[in-house]
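Here's the letter readout for the chains.
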Amino acid sequence: MSIKIQNLTVSYNFHPAVHHLSATINQGQWLAIVGPNGAGKSTLLNVLAGIITEYEGSIKGINPNNVAYLPQQTKLDKDFPITVLELISTGLWQEIGFSGGLSDTQIERCMNALEAVGLDGFENRQINTLSGGQLQRSLFARVLMQDQQVILLDEPFNAIDTKTLTDLTLVIKEWQNKNRTIIMVTHDLEYVKDNCPTSMLLAKECIDLGSTKSVLTKENLDNAKKVSEAFDENSAWCIS
């Protein structure tokens, strides 16, 4: 099912973080959301994930209970005493709840997910001992365990090595081959140009949406910068 966003506005202290956004994201698309700093990219992803629930407008075709969400690493408490296996098993919370134990079958699924992201043998490692790339592989394994139709990725490739980048890109392409919808926030335009078929250029409002080649033009990027800079944080409240 396509995701249809109609006239979405998200405000903080009555000033817009996302402003009157309308867009359709087709099932099976790999969509990159790009734009200047402060453009509302992560805010939009948090609305789709159900983390932000107060907004104007409508969103159809997505249920926050049926999406897999990978947050930025900076939002994680890396010192929390938890093993890699325990981390990725939280992707099964809808099956086991927050205090239930794992069955042998579920443990096997977790081990298969670790193998799929190149972390076989890491199940008993504490997450605070992992490198940035290894932690990101663990988070991708957690998404694999969630096994949802819509996958939301917030800056999934920050501070990781080239090998991890290549391996996790293959995981995303496998999701796309299975007709999953991938919505990814990133600042890496070169990665987007090389890998992502479709893009949304966001500057609080949607500058353009379509094929990456047609969206990420110099003209559009310059326009996004101007629009983003034109938003005045001290302007009157948005009430339209």
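Placed above this text is the structure.
(A) How the structure looks around the overall build of the protein chain. Scanning the protein chain from terminus to terminus reveals nine helices and nine strands. Rg of the C-alpha trace for the protein chain: 18 Å, near the compact-globule value of 18 Å for 240 residues, within the 12% margin. Taken along the three principal axes of its C-alpha coordinates, the protein chain extends 55 × 35 × 35 Å. Classification of the 240 residues of the protein chain by burial places 48% in the buried group. Within the protein chain, contacts between residues separated by at least 24 positions form 68% of all contacts whose residues are at least 6 apart in sequence. Accessible surface, the protein chain: about 12000 Å² in total, of which carbon and sulfur atoms supply 49%. Separation of charge centres in the protein chain, based on 19 positive and 27 negative side chains, amounts to 5 Å.

(B) Region of the structure containing the pattern of salt bridges. Inspection of the entire model under this criterion finds six salt bridges. Measuring nitrogen to oxygen at the nearest pair gives 3.7 Å for the salt bridge that ties E190 to K193. A residue pair is termed a helical-turn pair when its members lie 3 or 4 positions apart in one helix, as E190 and K193 do in helix α7 (residues 189-195) at three residues. Of the charged contacts in the structure, one is a salt bridge between D222 and K218, with a shortest N-O distance of 2.8 Å. In this pair, D222 and K218 both sit in helix α9 (residues 218-230), four residues apart, roughly one turn of the helix. Judged by its relative accessible area of 34%, D222 falls in the partly exposed class. Among the residues examined, K218 registers a relative accessible area of 64% and is labelled exposed.

(C) Seen up close, the sheet that holds strand β3 (residues 30-34). Overall, mixed pairing links the six strands, which are arranged β5-β6-β7-β3-β8-β9 in an open sheet. A strand with exactly one partner marks an edge of an open sheet, and here the two such strands are β5 (67-70) and β9 (205-211). The mean angle between the axes of side-by-side strands here comes to 15 degrees, regardless of whether they run parallel or antiparallel. Bridge analysis of β5 against strand β6 (residues 150-154) gives four bridges, and the strand direction is parallel. Bridge assignment links A68 to a residue of β6, and that residue is I151. Contacts from helix α1 (residues 41-49) reach β3, β5, β6, β7 (181-185) and β8 (198-203), with the element oriented near 150 degrees to β6. In this fold helix α5 (residues 132-146) packs onto β5 and β6, with an angle of close to 170 degrees to the strand it touches most, β5.

(D) Broad picture of the nonpolar core. Of all hydrophobic cores here, the largest spans 46 residues; its most connected members are F140, L153, F157, I172, W175 and M184. In terms of residue count, α5 provides more of this core than any other element does, six residues in total. Discounting chain neighbours no more than four positions away, the residues touching L153 are L45, L70, F140, I172, W175, I182, I183, M184 and V185. Judged by nonpolar contacts, the second largest core, of 26 residues, contains L45, I52, I59 and V67.

(E) Up close: the sheet that holds strand β1 (residues 3-12). In spatial order, the strands read β2-β1-β4; together these three strands make up an open sheet with antiparallel pairing. Looking at strand neighbours, the two that pair on one side only are β2 (15-25) and β4 (56-60), the edges of this open sheet. Direction aside, the axes of adjacent strands within the sheet are offset by 20 degrees on average.

(F) Summary view of the packing of α5 against helix α6 (residues 162-177). Running from amino to carboxyl end, α5 crosses α6 at an angle of 10 degrees, the nearest separation of the two axes being 10 Å. As summarised for this structure, α5 and α6 are arranged roughly parallel, according to the angle between their axes. Counting all contacts with α5, which are made through G133, Q136, R137, F140, V143 and L144, the residues of α6 involved are K163, T164, D167, L168, V171, I172 and W175.

(G) How the structure looks around α6. Given a rise of 1.5 Å per residue, 16 residues ought to cover 22 Å, and the 23 Å separating the end C-alpha atoms of α6 matches this to within 8%. Buried residues of α6: T164, D167, L168, T169, V171, I172 and W175, and no others. On its buried face, α6 is in contact with β3, α4 (104-116), α5, β6, β7 and α7. Backbone nitrogen of K163 and a side-chain oxygen of the N-cap are separated by 3.2 Å at the start of α6; the cap is D161. In the stretch just after α6, N179 is the one whose phi turns positive, near 65 degrees.

Reading guide: rules and limits
- Residues numbered from 1 in each chain as written.
- Predicted model: local features only at pLDDT ≥ 70, side-chain atom pairs only at ≥ 80, totals over all residues.
- Heavy atoms only, no water.
- Helix = DSSP H or I, 4+ residues; strand = E, 2+ residues; numbered from the N terminus.
- Rg over C-alpha atoms; globule rule 2.2 N^0.38 Å.
- Buried < 20%, exposed > 50% of the residue type's maximum accessible area, 1.4 Å probe, protein only.
- Contact = heavy atoms within 4.5 Å.
- Areas by Shrake-Rupley, 256 points an atom, 1.4 Å probe, with all protein chains shown as cover.
- Lys, Arg positive; Asp, Glu negative; His and termini not counted.
- Charge placed at Lys NZ, Arg CZ, Asp CG, Glu CD.
- Salt bridge = Lys/Arg side-chain N within 4 Å of Asp/Glu carboxyl O.
- Pairing = 2+ DSSP bridges.
- Axes fitted to C-alpha atoms, helices over the stretch in contact; angles between N-to-C directions.
- Core = buried A, V, L, I, M, F, W, Y, C linked by side-chain atoms within 4.5 Å.
- Parallel < 35°, antiparallel > 145°, perpendicular 65-115°, else oblique.
- Expected span 1.5 Å × (residues − 1).
- Polar contact = N/O pair within 3.5 Å; in protein donor to acceptor, adjacent residues only side chain to side chain.

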